[in-house]
Amino acid sequence: MLKCKQIHELRMSSSMLEQGYWRNRDMRKHVRIIDGQLAPTLVLTNATYLNMYTKVWLHANIWIYNERIVYVGEEMPENDIGTTYVDCKGLFLVPGYIEPHAHPYQLYNPEQLARHAAVFGTTTLINDSLMWHFLMEEKKAFSFMEACQKLPISMYWWARYDSQTILQDEDKVFHTESVLKWINHPAVVQGGELTAWPALLDGDDHLLYWIQETKRHRKPIEGHFPGASEKTLTKLKLLGVNADHESITGKDVLKRLELGYQVGLRYSSIRPDLPQLLEEMLDLGLKTFDELTMTTDGSTPSFYEDGLMNKLIDIAIQKGVPIEEAYRMASYNAAKHFHLEEQIGSIAPGRIAHINFLNEKDNPHPTSVLAKGEWIKRNGKVCHYPSQIEWSAFGIKRLHLSWDLEENDLQYSTPIGLKLINDVITKPYPIEIDVTPEQLPIDTFDAFLTLMDKNGKWHVNTTLHGFTRRLGGLASSYSMTGDLVYIGKNKQDMMIAGQRLKEIGGGIIIVHEGHILLEIPLTLGGIMTTENMRTLIQKQKKLTAYLKEFGYLFDDPIYTILFLSSTHLPYIRITQQGIVDVMKRDVLFPATMR
């Protein structure tokens, strides 16, 4: 048996898939294997596998050549010189799982997330590209996406239409020339998610043109429509949107299906709705699942401690979804939606060799995982490989701040603050306490809040209610746009946190009474870490525990920090332009130049 490293080196030296397609000479090789003129590299014998087209468990021998499945059937290869055989008797094989809606930069980085996900059977990620618009030049972003194709995990991407916030230079980031380049890229498989849909309904023809061009390239459009009425959903369907993952009730799911949407069912760190959605859908009599997928929607690290799609399949099976349908919802259904069913989502000739090996049909947690024909996990043992992404080649380095946070930056006089209603929704509230002292009283939930330009040119100051009662200071380079967020009761603690953030090149720092309690280094552009996933998960758990101890009222402070600037959520946000009334799209208090 070849060791993990040997198999990895073999695959890397003979990778055949280029921009989603195999080369002609490689496909000829695959045909020669069937004729006995060439040997497969791996044969899985005595396999019981789930056929995604008939929804039936079948017995077969599966031949693999490097990263491609070339045969599934009763026969054995005539030529097996150098072939490795693996007996799968007693195991049940299903295709690698697909996460159709990943945000691969929630403190972790895309390679780190992909490798962690694959250990638990999720071998394909369909990824948000939003952060690359802020962290990379366009050419470097495309080069990075191409570098990701060398990973054993399949990585696909979205073409974004908007920033999900209000920038000072939105037109320089999202404009027709750039959007069309993203749409054209072969690794991009959908447009969206469409968070700027109110602008589309208000007559934004740039958005409509970008949607039309995406559709012309046979790539679906994903929406972001929480709480949308039937009338709104119908209008957006008429304007070309294909899918939505924002259902909150079973009736929401059913209505979207009736209107022709492909529907993603969410189970995430801030919206763990899947169990309730499944119960309500089944109670409503839903019996067909072909247009349903499931997603973890970019959850924070600790939510992924035990995997990604494997957990969702388990929930679906427990809630009464037929086993075969549960696996399809996490594989074939997503592949078909993105027009990738000839590459991923099933165990069939011509597909990429993403295969999960299960002990039982109803146990979706694999003991072994193949990704592009490479062992990610073998009999419960994880195969470790060196990192393949050289981040500095794409301009992603430690955050370098050429300025210091000063006392004058922490002067507060705005009469309106942001009040947390839950982890991510903020409403305006009148600031009734004196915000001029160095220290705010600990008997209130009011804290200082500052958004600072990462280049040090402007800042926006107000207060945040519901984040803490006692914490001295928090500084974070992790934010929607990569600008700096400072929160706290004590200005000196906030400045200490800010100084430490500068010293380590980006991260999240918490300080109390002059002491640094915790730091999470985010040395990839101030947004992502290079630490391993296990270490990151433990640090995130510790951060959440500290913040709850100091009075944080909710569950996911990472998302609270991230979405402070997110104008796709109501009702008031702190943005590059200032404090914004989301519903009216008005800047209530503009940013202050330093």
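Here is a short report on the structure shown in this document. Just so it is clear, the structure is predicted and the values come from calculations on it, not from any experiment. (Residues numbered from 1 in each chain as written. Predicted model: local features only at pLDDT ≥ 70, side-chain atom pairs only at ≥ 80, totals over all residues. Heavy atoms only, no water.)

### Considering the pairing of strand β5 (residues 68-73)
No. 1: Counting buried positions over the 6 residues of β5 gives 6, a clear majority of the element.
No. 2: Inspection of the sheet shows strand β4 (residues 56-65) paired to β5 by 5 bridges, in the antiparallel sense. For Asn-61, the partnering residue across the bridge sits in β5 and is Gly-73.
No. 3: From the end of β4 to the start of β5, which pair antiparallel, there are 2 residues, and Asn-66 there has a positive phi angle of about 55 degrees. (Buried < 20%, exposed > 50% of the residue type's maximum accessible area, 1.4 Å probe, protein only. Helix = DSSP H or I, 4+ residues; strand = E, 2+ residues; numbered from the N terminus. Pairing = 2+ DSSP bridges.)

### A few points about a negative patch on the surface
No. 1: A cluster of acidic residues, Asp-35, Glu-74, Glu-75 and Glu-78, forms a negative patch on the protein surface.
No. 2: You can see Glu-78 is positioned in the loop between β5 and β6 (84-87).
No. 3: You can call Glu-78 exposed: its relative accessible area is 67%. (Patch = residues over 30% accessible without salt bridge, like charges linked within 9 Å, V, L, I, M, F, W, Y side chains within 5 Å. Areas by Shrake-Rupley, 256 points an atom, 1.4 Å probe, with all protein chains shown as cover. Salt bridge = Lys/Arg side-chain N within 4 Å of Asp/Glu carboxyl O. Lys, Arg positive; Asp, Glu negative; His and termini not counted. Charge placed at Lys NZ, Arg CZ, Asp CG, Glu CD.)

### Description of helix α13 (residues 309-318)
No. 1: Of all 10 residues making up α13, 9 are buried, and the element is well covered by its neighbours.
No. 2: Against the buried residues of α13 lie β8 (97-102), β9 (122-127), α12 (274-283), β15 (292-295) and α14 (323-329).
No. 3: With its phi angle positive at about 105 degrees, Gly-320 sits one or two positions after the end of α13. (Contact = heavy atoms within 4.5 Å.)

### Here's the deal with the sheet that holds strand β28 (residues 572-575)
No. 1: An order of β28-β29-β30 is seen for the 3 strands of this open sheet, with the pairing classed as antiparallel. Each of the sheet's edge strands pairs with one partner strand only, and the pair in question is β28 and β30 (586-590). The mean angle between the axes of side-by-side strands here comes to 30 degrees, regardless of whether they run parallel or antiparallel. (Axes fitted to C-alpha atoms, helices over the stretch in contact; angles between N-to-C directions.)

### As for the nonpolar core
No. 1: Leu-44 and Leu-265 are the most contacted members of the largest nonpolar core, which has 158 residues in total.
No. 2: Beyond its immediate stretch of four places on either side in the chain, Leu-265 contacts Val-253, Leu-274, Leu-277, Leu-278, Met-281, Leu-292, Thr-293, Met-294, Thr-295 and Met-329. (Core = buried A, V, L, I, M, F, W, Y, C linked by side-chain atoms within 4.5 Å.)

### A look at the packing of aromatic side chains
Aromatic rings in a pair are described by how distant their centres are and how their planes are angled relative to each other.
No. 1: Evaluation of the coordinates by the stated rule reveals 24 aromatic pairs.
No. 2: Between Phe-467 and Tyr-552, the aromatic rings sit 5.4 Å apart at their centres with planes inclined by 65 degrees, giving edge-to-face as the arrangement. Placement of Phe-467 in the loop between β23 (458-465) and β24 (473-476) and of Tyr-552 in the loop between α17 (533-549) and α18 (557-562) is noted, with a sequence separation of 85 residues between them.
No. 3: Residue classification places Phe-467 among the buried positions, given a relative accessible area of 0%.
No. 4: Ring geometry for Tyr-552 versus Phe-554: centroids 5.9 Å apart, planes at 80 degrees, classification edge-to-face.
No. 5: Residue Phe-554 is classed as buried on the basis of its relative accessible area of 16%.
No. 6: Here Lys-237 stacks its cationic end above the ring of Tyr-261, 5.4 Å away from the centre of that ring.
No. 7: Cation over ring: Lys-311 sits above Phe-303, and NZ or CZ is 4.2 Å from the ring centre. (Phe/Tyr/Trp six-rings, centres within 6.5 Å; stacked < 30°, edge-to-face > 60°. Lys NZ or Arg CZ within 6 Å of the ring centre and 35° of its normal.)

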